[in-house]
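Geometric and topological summary
If you want the building blocks of each chain, they are given just below.
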Amino acid sequence: PQRTYIFTFLLSSRVFIHPHELLAKVGQICIKQKQQLETGTEAEKAKLKSFAAKIIQLLKEWTETFPYDFQDEKSMKELKEIAHRITQCDEENGTVKKIISQMTQNLLMALSARSQYQEIREKFRQPVTDKGTILKTKAQSTQKDILSVCCDPLILAQQLTYIELERVSNIYPEDLMQIVSHMDSLDNHKCRGDVTKTYNLEAYDNWFNCLSMLVATEICRVVKKKQRTRMVEFFIDVARECFNIGNFNSMMAIISGMNLSPVARLKKTWSKVKTAKFDVLEHHMDPSSNFCNYRTALQGAAQRSQTANSNREKIVIPVFNLFIKDIYFLHKIHTNRLPNGQINFKKFWEISRQIHDFLTWKQVECPFEKDKKIQSYLLTAPIYSEEALFIASFESEGPENHMEKDSWKTLR
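All of the points below concern the structure found in this document.

Thresholds applied
- Residues numbered from 1 in each chain as written.
- Predicted model: local features only at pLDDT ≥ 70, side-chain atom pairs only at ≥ 80, totals over all residues.
- Heavy atoms only, no water.
- Phe/Tyr/Trp six-rings, centres within 6.5 Å; stacked < 30°, edge-to-face > 60°.
- Lys NZ or Arg CZ within 6 Å of the ring centre and 35° of its normal.
- Core = buried A, V, L, I, M, F, W, Y, C linked by side-chain atoms within 4.5 Å.
- Buried < 20%, exposed > 50% of the residue type's maximum accessible area, 1.4 Å probe, protein only.
- Helix = DSSP H or I, 4+ residues; strand = E, 2+ residues; numbered from the N terminus.
- Contact = heavy atoms within 4.5 Å.

1. Let's talk about the packing of aromatic side chains
Tallying each qualifying case throughout the model produces 16 aromatic pairs. Pairwise contacts between aromatic rings join Tyr5, Phe9, Phe345 and Trp349 into one cluster. The ring of Phe66 is capped by Arg14, whose NZ or CZ atom sits 4.7 Å from the centre of that ring. In this structure, Lys362 packs its charged tip against the face of Tyr172, placed 4.4 Å from the ring centre.

2. Some remarks on the nonpolar core
Core analysis: the biggest nonpolar cluster contains 117 residues, and Phe248 and Met258 have the highest contact counts within it. With 11 residues, helix H9 (residues 199-220) is the single largest residue contributor to this core. If sequence neighbours within four positions are ignored, Phe248 has contacts with Phe243, Met285, Tyr294, Ala297, Leu298, Ala301, Ile317, Pro318 and Val319.

3. Digging into unusual backbone geometry
Residues apart from glycine generally show negative phi values, whereas peptide bonds are mostly found in trans. Positive phi outside glycine occurs at Ser289, with the angle close to 50°. Here Ser289 lies in helix H15 (residues 288-307). Ser289 sits in the exposed class, given a relative accessible area of 61%. If you check the backbone angles, Phe291 has positive phi at about 55° while not being a glycine. In this fold, Phe291 is placed in helix H15.

See the structure below:
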């Protein structure tokens, strides 16, 4: 079959059967075929070689795309047994042995790289967020702000893109399939998946929330209106640069931060802001008609990426929680099985197509150089809790109506 079919099949099979059980079935087919074709005639030998080549192709695709399926001993043992049988099918030809040994080597390297990443991740695993301290009350205004670290919107957008691509590279197709596997399905009695796999998705989702809160914090804690206006305009420019790069996730996080109540209520500040640029951004992220404008922009970025010559033009970072919602929605509106009991392959074909696009985008190498100082600030600068944001906001511009006055009273 074509690569896309193999990818779809291997990705969606885990909703119904554990990967090592599937591998065992492949092993049984190998034994059967070998017994049937071992009569020794030339025609049978040729068939056996052709069969071996196809099994090698399948194992190669499987180990490259889903190395994590081979992390347990059962799968590894099964893989070695199949490899041994396949080598016997074509013993005079040393290339089969070579291909299999190269494949095993690549697989072990991929597994070791991933387990190293997991160890590092466990060390830094923090309960809610990997950002700096969350402040319940306002910090001293003497603390440096984002503009003292980076005052060029383009450079900040590039550093945000660097962080995004780093996060995205740790998300794997089977992590995304957990969205489907964890839902109630006809086959819920099967033991599938591993909750730790969703950690990568949660960590990436947390990054979005933290960036939104950081934007709101940076704006709310500026005491002088003129500087606060400058800060708002700076973030509008950063979001615009993110849009131009194709980094929709950071752009959406920045807009979300500016739309949080403590920032949105600063009417005197907003009256001084040149809002034309912000209106354009809001238009791109308008939620009406299921984010139709954003989807058009995403499609444009995806097309640009396909024909691009440089990594700079290849960047596509979708709004992650919308991407997840789309997969979830596809899963919810279509059943796993057709009325005749067969698997609804069309549904899984569509889900895997979307996941495949995501995988293509995540493989883009970041064309921007890492700036440790800026990234350290973005990842560790203190962010205010919701209450602290309101306190800072009310201190900058006093409460305007009864509701705000009551909130202010409660907060104090």
